[in-house]
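Coordinate inspection notes
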Amino acid sequence: NTAVPTPTPGKKDLIDTALAAGNFKTLAGLLEAAGLVEVLKGDGSYTVFAPTDDAFAQVSPESLDALKKDPKKLEELLKYHVVEGALKPSDMAALTQTNTLDEVPISITVNDNGTTVNGVKVGEPGSESSNGMIYPIDSVLVPPDMKAVVVVQVLPATTAASGAATAQPGKATPAAGKGTAV
């Protein structure tokens, strides 16, 4: 009787790792819509700055709908969150910027307060995947040329004088922001 060796489970790829984490469902769905799943399951090695589901909840529903109808724009937005090569935290500490998959530079800052990419706080990496690293971020990164397309809704403002002529949150309307967001 020859015992068959049990295969050691290998590390999951980036997509499976993101799905297993449970808080990147929106990202996983959008990667599929943009046709990027195969890329991130492929042979390359990548670093994904992965907006959590909460981060995508800050993007206006209209923007998300428009992106889902325009796979090219969606792909551009998502590629802006992916860097070639598996960057470990120590690698990021040596960088001030790096290029995304679309060859657009993003800035990386590492200091005593932690790591940021384009000013967005980067969380601790989850489990390393077989083909890269995933870092959760709490805001969607918007490429410079897509600022008009992707509208990130600012959640309750702290002290922002936005100069908006309508609906200014504050003393006059204690329920500002309630009932208007869709």
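These remarks concern the structure in this document. (Residues numbered from 1 in each chain as written. Predicted model: local features only at pLDDT ≥ 70, side-chain atom pairs only at ≥ 80, totals over all residues. Heavy atoms only, no water.)

Topic: the pattern of salt bridges
For clarity, the cut-off: Put simply, a salt bridge is a Lys or Arg side-chain nitrogen that is within 4 Å of an Asp or Glu carboxyl oxygen. Numbering of helices and strands starts at the N terminus; helices are DSSP runs of H or I of at least 4 residues and strands are runs of E of at least 2.
Counting across every chain of the model gives four salt bridges. Lys-79 is paired through a salt bridge with Glu-75; the nearest N and O atoms lie 3.0 Å apart. Residue Lys-79 and its partner Glu-75 are both found in helix H6 (residues 71-79); the two are separated by four residues, about one turn of the helix. Connected through shared salt-bridge partners, Asp-13, Asp-16 and Lys-41 make up one network.

Observations concerning the pairing of strand S5 (residues 114-117)
Rule in force here: Each residue is assigned to one of three classes by its accessible area relative to the maximum for its type, calculated with a 1.4 Å probe on protein chains only: buried under 20%, partly exposed between the two thresholds, exposed over 50%. Pairs of strands are assigned from DSSP output, requiring at least two bridges between the strands.
Burial along S5 is one-sided: the face carrying Thr-115 and Val-117 is buried and the face carrying Gly-114 and Thr-116 is not. Here four bridges tie strand S4 (residues 105-111) to S5, and the two strands are oriented antiparallel to one another. Looking across to S5, one finds that Asn-111 is bridged to Gly-114. Between S4 and S5, which follow one another and run antiparallel, lie two residues. Bridging between S5 and strand S6 (residues 120-122) involves three bridges; their strand directions are antiparallel. Pairing of Thr-116 across the sheet is with Lys-121, part of S6. Count of turn residues in the S5/S6 antiparallel hairpin: two residues, of which Asn-118 carries a positive phi of about 50°.

Some words on the nonpolar core
For clarity, the cut-off: In this description, a nonpolar core means a group of buried Ala, Val, Leu, Ile, Met, Phe, Trp, Tyr and Cys residues linked to one another through side-chain atoms lying within 4.5 Å. Two residues form a contact once any of their heavy atoms are found within 4.5 Å.
Leu-27, Leu-31, Leu-40, Val-48 and Leu-78 are the most contacted members of the largest nonpolar core, which has 28 residues in total. Elements with a minimum of two residues in this core: helix H1 (14-21), helix H2 (25-33), helix H3 (37-41), strand S1 (46-51), helix H4 (53-57), helix H5 (61-69) and H6. When near neighbours in sequence (up to four residues on either side) are disregarded, Leu-40 contacts Asp-13, Leu-14, Ile-15, Leu-31, Tyr-46, Val-48, Val-82 and Asn-131. Membership of the second largest hydrophobic core comes to 14 residues, among which are Phe-49, Leu-87, Ile-108 and Tyr-135.

A look at a negative patch on the surface
Defined as follows: Surface patches are defined over residues having more than 30% relative accessible area and no salt bridge, joining like charges when they lie within 9 Å and nonpolar side chains (Val, Leu, Ile, Met, Phe, Trp, Tyr) when within 5 Å. In these tables, accessible area is a Shrake-Rupley quantity obtained with a 1.4 Å probe, and a residue counts as shielded only by the protein chains included in the view. Think of it this way: Lys and Arg go in the positive column, Asp and Glu in the negative one, and His and the chain ends go nowhere. Every charge is mapped onto a representative atom, which is NZ of Lys, CZ of Arg, CG of Asp or CD of Glu.
A grouping of Glu-84, Asp-102, Glu-103 and Asp-145 is seen on the molecular surface, where their side chains present a negatively charged patch. Position of Glu-103 relative to the elements: it lies in the loop between strand S3 (97-99) and S4. Residue Glu-103 is classed as exposed on the basis of its relative accessible area of 58%.

Things to note about the environment of Thr-100
For Thr-100, the location among the structural elements is in the loop between S3 and S4. Classification of Thr-100 by relative accessible area gives buried; the value is 2%. Linking Thr-100 and Tyr-46, residues 54 residues apart in sequence, is a C-alpha distance of 9.9 Å. Sequence-distant contacts of Thr-100, defined by excluding residues within four places in its chain, comprise Lys-79, Tyr-80, Val-82 and Ile-106.

Points about H1
Filter applied, for reference: An arc is given here, and it is the one of the directions from the helix axis to the C-beta atoms.
Turning to H1, its buried residues are Leu-14, Ile-15, Thr-17 and Ala-18. Looking down the long axis of H1, one finds its buried residues gathered within 165° of arc, a one-sided arrangement. The inward-facing, buried residues of H1 contact H2, H3, S1 and strand S7 (132-137). Just beyond H1, the residue with positive phi is Gly-22, at close to 85°.

That is the geometry; function is a separate question.
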